[in-house]
Each structure stands twice: as structure tokens, then as C-alpha cells.
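Fold and geometry: a report
Listed here are the chains, written in short residue letters.
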Amino acid sequence: MSSYTPPVGQQPARRARPLWLRSAIITVCIVATLLVIELIDAALRYDLDSAGIEPRQVDGLDGILWAPLLHADWQHLFANLMPGAVLCFLVLMTQRFLVVTGIIWVVSGLGVWLFAAPYSITVGASGIIFGWLTFLIVRGLFNRDLWQILGGAVLFLVYGSILWGVLPSDPMISWQAHLFGAVAGVLAAWLLGARDRRRRQGAETTGVSS
């Protein structure tokens, strides 16, 4: 029996993984990364947490970059993992993950740096989580998409109660990260919604003129 191998240019293209599978794989990788970082932090007796955000200290600005990757202890991490993994997957499914997360990361961190209590150090991914949640809840309003609005309503029913965390309560919990993360999520939805509407209008104009 003879076999035939087509030339390189004629080989069939590999089928791309579906979006849901790619999103699930990336979510698992992010969760695994956070677990590894926490394991290293615990082995170092949580010395890494000193790299968190130090309010109004110039040398604490780099904490904006590191804080969402660090957690005070395992309990703190696990409290964020479940809602974080679900919301991370859903944001990945929107194919806006990098832009949305970047806006939330920076705005939430700056809010903490500007307004958190002096001599404190803030760590944790909760600001990112609050931003993802508000982005998913309101993006349908800015996109004027009925299905996205309905999806946001379902998310609000499931996770909306955690939004009370934007209010000051426990001094050990950074409500500033929650508040500015939530604000950043709305900001991201507004910016991306406006950009998408301009693109649609441009495409419609081009279609009419042609």
C-alpha cells in the first residue's frame, strides 16, 4: 500500500480551537499561575506581598503592576478564584480580554494608590474581578445588544450582591480597589462600545457608497 503526502502548500489547514475552548484553557492557565505565585509567596513567608500598592509613595507605584497577582493568604486567594475564574472566562469569550483587563488593572490600581489608607499595602485580584463584573453587566447597554443586556441581567442576579463591596466596611478589605475596578469596568464598556459603534457606522457608510 502506498501513501501520499501532499506538498506543504497543499496540506489542509488545521482546524482552529473553538473560542470557548481557548477561553477555558487560558482561564485554567491564569488560575494555575495565581496558585503557583501563592505557593512561592507562602514558601517565602509572604514576603512577596511587600510588592503590593503603597499609597502615595512613588516607589509604591510599581505595586499597581504586581498587586493583582498577589494575595494575603490562601483564604484570600480562594475567595477570589471562583468568581474570578467564571468572569475571566466570560470576558475572554467577548474577545476583548486584553483591552478590558488592561484598563481595569491600571484604573483600579491608581485608585488604590491615590485613596487607600496611608502606610497600608494592598494586594489581591478583587479590583480586576469587580471590573470584569461591571463590564459584563453594562456592555450590552453601550453596544445596544439585547442578548448582551440579558446576559448582564443574569450576571447581576448571580453576582450583583458582591458590588456592595465598593462601600467602606471592613478596614482590612480594599473598597478602593473594588470601587475603582467597578468604575473601570464601566469605562471599558463605554470606550469599546463607542469604538464598535463607529466601526459599524463606517462599514454601513462604505456599504451604501459602494
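Residues numbered from 1 in each chain as written. Predicted model: local features only at pLDDT ≥ 70, side-chain atom pairs only at ≥ 80, totals over all residues. Heavy atoms only, no water.

A look at the layout of surface pockets
- Roughly 950 Å³ of volume is contained in the largest pocket.
- Lining the largest pocket are 42 residues, with His76, Val123, Met172, Ile173 and Ser174 positioned closest to its centre.
- Listed by contribution, the elements that provide at least two residues to the lining of the largest pocket are helix H3 (74–93), helix H4 (97–115), helix H5 (126–143) and helix H7 (175–209).
- Taken together, the residues of the lining of the largest pocket break down into 24 nonpolar, 15 polar and 3 charged.
- The space that makes up the second largest pocket amounts to roughly 290 Å³.
- Taken together, the elements giving at least two residues each to the lining of the second largest pocket come down to helix H1 (19–43), H3, H4 and H5.
- Broken down by element, the lining of the second largest pocket gets its largest block of residues, 6 residues, from H3. (1 Å grid on protein atoms, 1.4 Å probe; cavity = no way out; pocket = protein on both sides within 12 Å on 5 of 7 lines; lining within 4 Å. Points joined across faces, edges and corners; volume = space filled by probe spheres on them. Helix = DSSP H or I, 4+ residues; strand = E, 2+ residues; numbered from the N terminus. Nonpolar A, V, L, I, M, F, W, Y, C, P; charged D, E, K, R; others polar.)

Thoughts on the packing of aromatic side chains
- Counted by the stated rule, this structure contains 3 aromatic pairs.
- With a centroid separation of 5.8 Å and an interplanar angle of 40 degrees, the aromatic rings of Phe97 and Trp132 are classed as tilted. One end of the pair, Phe97, is in helix H4; the other, Trp132, is in helix H5, with 35 residues separating them in the sequence.
- With a relative accessible area of 15%, Phe97 lands in the buried category.
- What makes Trp132 buried here is its relative accessible area of 7%.
- Between the aromatic rings of Phe115 and Phe180, the centroid separation amounts to 5.4 Å while the plane-to-plane angle is 5 degrees, which identifies the pairing as stacked. Taken together, the residues Phe115 in helix H4 and Phe180 in helix H7 connect sequence positions 65 residues apart. (Phe/Tyr/Trp six-rings, centres within 6.5 Å; stacked < 30°, edge-to-face > 60°. Buried < 20%, exposed > 50% of the residue type's maximum accessible area, 1.4 Å probe, protein only.)

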